[in-house]
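# Working through the structure, step by step
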Amino acid sequence: MTRPLTERLAQAGIVVDEGDAPPVLEAPWFVRALQAFSGWLAALFLLGFIGMGAVFVLDSSAAAATLGLVMIAGAYALLRGSNGDFVEHLGLAGSLAGQLLAAWALGAALGDVNAGFWWSLAVLQAVLALVMPSHTHRTFSAFAASLAFYLALTEGVSAPSLAGGLVLLSLTFLWLNEFRWPTYMRQLQALGYGLLLGLLAIQVTGYHGQSLLLGRYGYGTGLAWLEPWVGDGLGTLALLLLIRHVVQRHRHAIAPSARVAAYGAALVLMLLSLQAHGLSQGALVVALGFAIGNRLIMGFGVILLLLAITHYYYWLDVTLLAKSVTLLLLGVLLLALRWVLCRRWPIDTRVAAGEDVSQ
């Protein structure tokens, strides 16, 4: 490897092993799990000791906020100065305790848990997701930020599915640009997984027909007239953006007829999602995982698809005949897509078997 290329990779944050240094051995998963458990156990004892001596701070919102911010800053310093699962989870537990104190102080200052409270928590979690030097903390903060964003839109404008659609658009953008900034690739992955977990939690609560606010808001105000189709519309938009990204990336290998078929399938899926809500979002996550070669994301997409289909099947507002027709059309569409793909773009059996076809 030439020297200039090595320097360019190093500037981009990619470490190149020239073979001189021995490979880094990672600890087995059960050792890491034991270290994480030890970190949480130590954190519980430490926080219990601090809580017994500082219980009076709950009587003052200013004192609670100050102590919470100090604990978050201490967790940041701990995570920045050391590595390892024990320290990482110890810092995460301390940061969570500080966030709870800050949330307690914010709620006491506002006098009520309203939309402003959730917006403030969403901003706090977004900042922590960006600045905390821990991938585990980034994932959790991105997850918490998506939930706080969902609760803010639900409390403020009665639009829970709008939050799910915007979270879906955000994670699609992150994963499609995973390798654009190699220096921050691990950070983007942590944020992407956190948003995926948040999307899954939002969809589960929506399918149960009950917000996390437990009836604190009522439909008919704000943007409630967009529900629940705005989430499916944003999911279809994200799917179209994904198709456009794939087409531009492989513009010379994809025929125009294949592009038309892909966009047509997305529109048909959108029409089905108007009846079976959440179908387009699950299909997008599956397609996203397939496009970037990430099986874990594909697994999330399969879970979202199964949740959407199960929710639609047990939806009491639609007759069994209508459900059967919708699911039949979905199955026919999938079989037709498979037939068209196999007929129009057959797979070379030698390539599938890994044989050399250059000769």
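Residues numbered from 1 in each chain as written. Predicted model: local features only at pLDDT ≥ 70, side-chain atom pairs only at ≥ 80, totals over all residues. Heavy atoms only, no water.

Identification of the protein as DUF4401 domain-containing protein from Halomonas chromatireducens is taken from an unreviewed UniProt entry.

### A look at the overall build of the protein
Regarding its fold elements, the protein presents 14 helices and zero strands. Written out in order from the N terminus, the α and β elements of the protein read α-α-α-α-α-α-α-α-α-α-α-α-α-α. Each of the 359 residues in the protein was classed as buried or not, and the buried ones make up 38%. Counting only contacts in the protein whose residues sit at least 6 apart along the sequence, the fraction spanning at least 24 positions is 69%. Summing over all exposed atoms, the protein offers an accessible surface of approximately 20800 Å²; the carbon and sulfur share of this is 69%. (Helix = DSSP H or I, 4+ residues; strand = E, 2+ residues; numbered from the N terminus. Buried < 20%, exposed > 50% of the residue type's maximum accessible area, 1.4 Å probe, protein only. Contact = heavy atoms within 4.5 Å. Areas by Shrake-Rupley, 256 points an atom, 1.4 Å probe, with all protein chains shown as cover.)

### Section: helix 11 (residues 279-292)
For helix 11, built from 14 residues, the straight-helix expectation of 20 Å at 1.5 Å per residue is met to within 8% by its first-to-last C-alpha distance of 20 Å. Residues L279, S280, Q281, G282, A283, L284, V285, L288 and G289 constitute the buried set of helix 11. Once helix 11 finishes, G293 follows within two positions and takes phi at roughly 70°, a positive value. (Expected span 1.5 Å × (residues − 1).)

### Concerning helix 3 (residues 61-81)
Residue pairs spaced three or four apart in an α-helix point in one direction, given the helix's 3.6 residues per turn. Spanning 21 residues, helix 3 covers 30 Å between terminal C-alpha atoms, matching the ideal 30 Å at 1.5 Å per step. When helix 3 is considered as a whole, its buried residues turn out to be A64, G68, M71, I72, A75 and L79. When helix 3 is viewed along its axis, its buried side chains cluster within an angular range of 100° and face the same direction. Every exposed residue of helix 3 that faces more than 90 degrees away from the buried side is listed here: L69, V70, R80 and G81. (Arc of directions from axis to C-beta.)

### So, the environment of W229
Looking at the element boundaries, W229 is found in helix 9 (residues 229-249). Among the residues examined, W229 registers a relative accessible area of 43% and is labelled partly exposed. Sequence separation between W229 and L274 is 45 residues, and the spatial gap between their C-alpha atoms is 6.5 Å. If sequence neighbours within four positions are ignored, W229 has contacts with L274 and H277.

### With respect to the packing of aromatic side chains
The final tally for this structure, using the stated rule, is three aromatic pairs. Measuring from ring centre to ring centre gives 5.0 Å for F117 and W118, while their planes differ by 75°; the resulting arrangement is edge-to-face. Residues F117 and W118 agree in their burial class; the two are buried. Consider the rings of W119 and F149, whose centres lie 5.6 Å apart with planes at 70°: the pair is edge-to-face. Residue W119 is found in helix 5 (residues 115-131), and its partner F149 is found in helix 6 (residues 135-157); the two are separated by 30 residues along the sequence. Positioned above the aromatic ring of W181, the side-chain terminus of R180 is 6.0 Å from the ring centre. (Phe/Tyr/Trp six-rings, centres within 6.5 Å; stacked < 30°, edge-to-face > 60°. Lys NZ or Arg CZ within 6 Å of the ring centre and 35° of its normal.)

### Regarding the packing of helix 10 (residues 256-273) against helix 11
Contact geometry for helix 10 and helix 11: axes closest at 8 Å, N-to-C directions at 140°. Classified by the interaxial angle, the pair formed by helix 10 and helix 11 is oblique. Between helix 10, through L269, L272 and S273, and helix 11, the contact on the second element is made entirely by L279, S280 and A283. Partitioning the contact of helix 10 with helix 11 into residue classes produces four nonpolar, two polar and no charged. (Axes fitted to C-alpha atoms, helices over the stretch in contact; angles between N-to-C directions. Parallel < 35°, antiparallel > 145°, perpendicular 65-115°, else oblique. Nonpolar A, V, L, I, M, F, W, Y, C, P; charged D, E, K, R; others polar.)

### A few points about the environment of L279
With respect to the helices, strands and loops of the structure, L279 is situated in helix 11. Counting along the chain gives 28 residues from L279 to L307, while the straight-line C-alpha distance between them is 8.8 Å. Dropping the residues within four chain positions of it, L279 is found in contact with L269, L272, S273, L305, A308, I309 and L330.

### Regarding the side chain of Q99
With respect to the element layout, Q99 can be found in helix 4 (residues 85-110). Setting aside its immediate chain neighbours within four residues, Q99 contacts I72, Q125, L128, H137 and F140.

### Comments concerning the confidence of the model for the protein
Parts of the prediction with low pLDDT should not have their coordinates interpreted in detail. This prediction gives the protein a mean pLDDT of 78; 79% of its residues lie at or above 70. Mean pLDDT values for the elements of the protein range from 45 in helix 14 (residues 349-352) up to 91 in helix 5. Taken as a whole, residues 350-359 scores under 50 in pLDDT and shows five contacts with residues more than four places along the chain or in a different chain. (pLDDT = per-residue confidence, 0-100.)

### Observations concerning the nonpolar core
Core analysis: the largest hydrophobic core is formed by 50 residues, its most contacted members being V167, L171, L196, L199, L239 and V285. If we ignore the near neighbours within four places in the chain, the residues touching V167 are S146, F149, L195, L199 and I202. (Core = buried A, V, L, I, M, F, W, Y, C linked by side-chain atoms within 4.5 Å.)

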